[in-house]
Amino acid sequence: MALITADRDRFPNSPWQLVETRHEPDTAGTLETLFALGNGHFGIRGAHWAAADADLPGSFINGLHEIWDIKHAENAFGFARTGQRIIYVPDANNFTVIIDGETLSLAESAVLDYRRSVDFSTGIYECRITWQCRSGATVTTTERRAVGFASRGSLGISLEVSADRDVSADVTSSVINRQDQPVEDHSSHDPRRAGRHAGRVLLPLRLDGGDGSLRLSWEAAESRQMVGLAVDHWTSAGLQPFDTLVDQDDSSVRYVLAVGADQPFLLEKSVSYAAGRGVQDSGHDAAEAAAAGLRPVQDVFAESEAHYREYWATSDIVVGGHPELQQAIRWNLFQLAQATARADVAGIPAKGVSGSGYEGHYFWDQEVYLLPYLTYTNPDGARQVLEFRHEMLPAAKIRAKELSVNGALFPWRTINGLEASAYYAAGTAQFHIAAAIAFATNRYLWATGDGDFSEGMGAELLIETARMWISLGFFGKDGLFHIHGVTGPDEYTAVVNDNLYTNVMARFNLRAAAALDHAEISDDERQLWEAAAARMQLPFDDRMQVHSQDNDFMTLEPWDWTTPRSKYPLLLHYHPLVIYRHQVLKQADTVLAMFLQWQDFTAEEKRRAFDFYDPITTGDSTLSACVQGIMAAEVGYPKAALEHFTNAVFIDLDDTHGNTIDGVHIASTGGVWSSLVCGFAGLRDQGPVPFFDPRLPSEWEGLSFHLKIQGRLLLVELDAGSIILTVRNGEPLDVDVRGQLISVGGDAVQVALDPVQVPEPTVFPSGPPTASIPVVRARA
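Residues numbered from 1 in each chain as written. Predicted model: local features only at pLDDT ≥ 70, side-chain atom pairs only at ≥ 80, totals over all residues. Heavy atoms only, no water.

1. Here's the deal with the overall build of the chain
Of regular secondary structure, the chain possesses 18 helices and 34 strands. Since a compact globule built from 780 residues should have a radius of gyration of about 28 Å, the 27 Å found for the chain is in line with a globular shape. A principal-axis box enclosing the C-alpha atoms of the chain has dimensions of 90 × 70 × 60 Å. In the chain, which comprises 780 residues, the proportion classed as buried is 62%. Residue pairs in contact within the chain that sit at least 24 positions apart in sequence constitute 66% of those at least 6 positions apart. A total of about 29200 Å² of accessible surface is found on the chain, and carbon and sulfur atoms cover 50% of it. Each charge class in the chain can be summarised by its mean position, and for the 61 positive and 102 negative side chains these summaries are 4 Å apart. (Helix = DSSP H or I, 4+ residues; strand = E, 2+ residues; numbered from the N terminus. Rg over C-alpha atoms; globule rule 2.2 N^0.38 Å. Buried < 20%, exposed > 50% of the residue type's maximum accessible area, 1.4 Å probe, protein only. Contact = heavy atoms within 4.5 Å. Areas by Shrake-Rupley, 256 points an atom, 1.4 Å probe, with all protein chains shown as cover. Lys, Arg positive; Asp, Glu negative; His and termini not counted. Charge placed at Lys NZ, Arg CZ, Asp CG, Glu CD.)

So, in structure tokens, the structure goes:
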């Protein structure tokens, strides 16, 4: 059921803001995600400041996690041993406001006016509520907050209380450790959701406070990671706190005062966190390390405004003529910035720092869905993510030996570099993560020309992943190279032989490694890689004349498509074995392969694959709609392309998958970027030059964006009949537009575009392959 688009009175359309004008408690948790703030390192959910009005509040630090021993019901060699889960760090966004003896809350108090917003252009959250108090006073509270960027662990919060008459105010500002407090698990059987630890996680190291300041630190019981927190308060009246209380789970600073009609009370709360290797390695007190990052609240607001002013100057994507889509696009781009801006040398969790979904793990999502965006908007950030993967190489080499392969085998899901997927069929078997890392590496090198990275870390990532593939696969009796016992991106078809996506991406990986001029590669090894790539088995169904997702996919029983929508996503209603034996997809698989390795398939092969797989793809994965939309645009189906894109851009805003409460689907937001740049603008990379084959929807007046590519800033503008290219800074750039090679410099180059013909969709034979075989009746 739609959320934002279903009630435009409650959520008015604004091109640079997400706005809520009426509070409804049943959607509080989902909106905590939609109004969350973050900078890639630290994130805070968009919860209301009163405990009674919050559903799943929390703050997170990327990579800060607890570990535990995974208990398998039936053990086996090589199973994942160590579970990892992101920690809810002690949360500073908590206030209790008592006016004339009445505790204000949306749940219990009378509200005259309500408005909250998050401003994409400044990164500032604001919630203004006017209350009708039981004492007769009309009181307005205004909370504003922003995260820092110059100091990545800083948070600024201000709370103003004003009244139309003199009132007695009792205001308490709290820091609450919710990690070790019991919370309701809304759906304990949903594997997409994070679990909770049974025992105590955060053990206090330091608990100091006085005169409105707090200096606190904790250590995770098993991972031994530390987090420090420093909080200072400032008031407009120079008021001293009534008291300052310190506890491992609830520390507070309280102010008791009279608020006059012409004298609002302003409380500013400066917060700073310190965690990660800098704290661990320094040996310094974590609380003091946090205190070093404290910034005045107004400075944090100014940092946020400056950051987004610079960000939008080159990262905005403008769609002409569709304001509702424009707001949604900017919200998605804002989430990308919040998940990646100050991640530094770290991964990007599947939910960014907006929630605990997927337990804060890093997947292949970051390389396939997020690194394209980072590579072309923040190449330094892209390099840092790849450096983080490179740091995992020692553990990946150990993991490879456990799985009896050479080279490096990266974990399917992880925080600390160890495999954390307890269900190997849809986890460890997804060897394709190795090719995703190689692909992102190759794209980064192609788009940046970073010679140092190419000769060092980049080469090592390509070489070690290629060594894994050559030992995982084998040359069969048919002379072809096969890769057996793997799971592709489509997790509804697990542990198969010759998954097309896996083989296509492994072939790319082997070719990229073989093309390196590197002393560590012997002639024999290079020849072996080249031979395996040249003879890679790519399953093809002669009856359907379409590439098969794997060797046996076309023999599976078709799914019953009369299954009611209430039974989706299938993973929550059917045992995996039921799903595995049917011809049904969770997400794009073969279609994704043809997008990423676009030069390896003909236009006819892509169209027939899309025609066959799109109808049997459930879209139960949020990674699916964007890719299907991109390929729908390429093969010439503009209506389907726009439908898939619209589904993707509203996945979280409308909570279409029912789990936005656990955090933003960051990979999907990256897919939205790719849908615009690679789908409707038709960018394809890693060829001789950048290639554009635009597919602008007829409903749109235009599309424009920037790309940081090969040392230039390229402006791309589309209208109904042309593409206009301009290099805003840097040397001229050669670009291919539908086969026409042009040189683009500081003067705009306009290329006319002919309309794209819409082909007739392929009509495939119905029923399973055996349907046309006549029944042989036994003789009496």
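2. With respect to the pattern of salt bridges
Counting across every chain of the model gives 46 salt bridges. The partner of arginine 45 in a salt bridge is glutamate 32, and the shortest N-O contact between them spans 3.4 Å. Pair noted here: arginine 45 is in the loop between β3 (42-44) and β4 (59-61) and glutamate 32 is in helix α1 (residues 28-34), with a separation of 13 residues, a long-range link. Classification of arginine 45 by relative accessible area gives buried; the value is 2%. Classification of glutamate 32 as buried rests on a relative accessible area of 1%. Residues arginine 152 and aspartate 344 are paired through a salt bridge, measuring 3.0 Å at the closest nitrogen-oxygen approach. Placement of arginine 152 in the loop between β11 (138-147) and β12 (154-163) and of aspartate 344 in the loop between α5 (323-340) and α6 (365-377) is noted, with a sequence separation of 192 residues between them. The exposure class of arginine 152 is partly exposed, given its relative accessible area of 25%. (Salt bridge = Lys/Arg side-chain N within 4 Å of Asp/Glu carboxyl O.)

3. Considerations on the packing of aromatic side chains
Applying the stated rule across the entire model yields 32 aromatic pairs. An angle of 45° between the planes, with centres 5.2 Å apart, marks the rings of tyrosine 308 and phenylalanine 334 as tilted. With tyrosine 308 in helix α4 (residues 297-315) and phenylalanine 334 in helix α5, this residue pair connects regions lying 26 residues apart in the sequence. When its relative accessible area of 1% is taken as the criterion, tyrosine 308 is described as buried. For the pair phenylalanine 610 and tyrosine 637, a centre-to-centre distance of 5.7 Å together with 50° between the ring planes defines the contact as tilted. Note that phenylalanine 610 is positioned in helix α15 (residues 603-613) and tyrosine 637 in the loop between α16 (624-635) and α17 (638-649), a separation of 27 residues in sequence. (Phe/Tyr/Trp six-rings, centres within 6.5 Å; stacked < 30°, edge-to-face > 60°.)

4. Quick notes on the pairing of strand β7 (residues 91-99)
Of all nine residues making up β7, seven are buried, and the element is well covered by its neighbours. Here β7 runs beside strand β13 (residues 167-176); their pairing, made up of seven bridges, is antiparallel. By the bridge assignment, asparagine 94 is partnered in β13 with serine 174. Judged from the two bridges that link them, β7 and strand β8 (residues 102-103) form a sheet pairing that is antiparallel. Pairing of isoleucine 99 across the sheet is with glutamate 102, part of β8. What sits between β7 and β8 in their antiparallel hairpin is a turn of two residues, with aspartate 100 showing a positive phi close to 50°. (Pairing = 2+ DSSP bridges.)

5. A few points about α6
With 13 residues, α6 ought to run about 18 Å at 1.5 Å a step, and its terminal C-alpha atoms sit 17 Å apart, in line with that. Of all 13 residues in α6, 13 are buried; the element is thus mostly enclosed. (Expected span 1.5 Å × (residues − 1).)

6. Regarding the sheet that holds strand β9 (residues 110-119)
Spatially, nine strands are ordered β1-β9-β10-β11-β12-β19-β16-β15-β14 in an open sheet, and the strand pairing comes out antiparallel. Strands at the two margins of the open sheet, each flanked by one partner only, are β1 (17-20) and β14 (202-210). Averaged over all pairs of adjacent strands, the angle between strand axes in this sheet comes to 10°, irrespective of strand direction. Inspection of the sheet shows β1 paired to β9 by four bridges, in the antiparallel sense. Looking across to β9, one finds that leucine 18 is bridged to valine 118. Relative to the sheet, α4 contacts β10 (124-132), β11, β12 and β19 (265-275), its axis offset from that of β12 by approximately 115°. (Axes fitted to C-alpha atoms, helices over the stretch in contact; angles between N-to-C directions.)

7. Looking at the nonpolar core
Soluble, globular proteins show a tendency: their nonpolar side chains are buried together. Membership of the largest hydrophobic core comes to 213 residues, with the highest contact counts inside it found for Trp364 and Leu703. At twelve residues, the largest contribution of residues to this core is made by helix α9 (residues 433-448). (Core = buried A, V, L, I, M, F, W, Y, C linked by side-chain atoms within 4.5 Å.)

8. Looking at unusual backbone geometry
In this structure, the amide linkage connecting tyrosine 568 to the following residue, proline 569, adopts the cis form with an omega of -5°. Although it is not a glycine, glutamine 545 adopts a positive phi angle of roughly 55°. Of note, glutamine 545 is situated in the loop between β23 (540-541) and β24 (546-547). Located in the positive-phi region is arginine 738, a residue other than glycine, with phi close to 50°. Here arginine 738 shows up in the loop between β32 (733-737) and β33 (740-744). Overall, the relative accessible area of 31% leaves arginine 738 in the partly exposed class.

9. Considering the sheet that holds β7
Judged by pairing direction, the sheet is antiparallel, and its five strands sit side by side in the order β8-β7-β13-β18-β17 without closing on themselves. With partners counted over all chains shown, the strands left at the sheet margins are β8 and β17 (243-245), one partner each. Bridge count for β13 against strand β18 (residues 250-259) is ten bridges, and the pairing is antiparallel. In the strand pairing of β18, serine 173 is matched with valine 253.

10. Side note on the confidence of the model for the chain
Here the chain shows a mean pLDDT of 94. Residues at 70 or above account for 95%. Predicted confidence for residues 768-780 stays below pLDDT 50, and this span has six contacts to residues more than four positions away or in other chains. (pLDDT = per-residue confidence, 0-100.)

11. A closer look at α17
Spanning twelve residues, α17 covers 16 Å between terminal C-alpha atoms, matching the ideal 16 Å at 1.5 Å per step. Burial in α17 covers these residues: Ala640, Ala641, Leu642, His644, Phe645, Ala648 and Val649. If you follow the buried residues of α17, they end up packed against α5, α15, α16 and α18 (666-680).

12. A few points about the side chain of serine 117
Mapped onto the elements, serine 117 comes out in strand β9. Classification of serine 117 by relative accessible area gives buried; the value is 4%.

13. As for the environment of threonine 340
For threonine 340, the position within the fold is in helix α5. Remark: the alpha-carbon pair of threonine 340 and leucine 374, spanning 34 residues in sequence, is separated by 8.1 Å. Among the polar contacts made by the side chain of threonine 340, one reaches the main-chain carbonyl oxygen of leucine 336 at a distance of 2.7 Å. (Polar contact = N/O pair within 3.5 Å; in protein donor to acceptor, adjacent residues only side chain to side chain.)

14. Observations concerning the environment of serine 704
By secondary structure assignment, the location of serine 704 is in strand β29 (residues 702-709). A C-alpha to C-alpha distance of 6.2 Å links serine 704 and leucine 718, two positions 14 residues apart in sequence. Filtering out sequence-adjacent residues up to four positions away, serine 704 remains in contact with Asp316, Ile317, Val318, Val716 and Glu717.

15. What to know about the packing of α16 against α18
At a closest axis distance of 9 Å, the pairing of α16 and α18 adopts a crossing angle of 5°. Classed by the angle they form, the pair α16 and α18 counts as roughly parallel. Across the interface between the two elements, Cys626, Ile630 and Ala633 from α16 touch Gly671, Val672, Ser674, Ser675, Cys678 and Gly679 from α18. Tallied by class, the residues present in the contact of α16 with α18 amount to five nonpolar, four polar and no charged. (Parallel < 35°, antiparallel > 145°, perpendicular 65-115°, else oblique. Nonpolar A, V, L, I, M, F, W, Y, C, P; charged D, E, K, R; others polar.)

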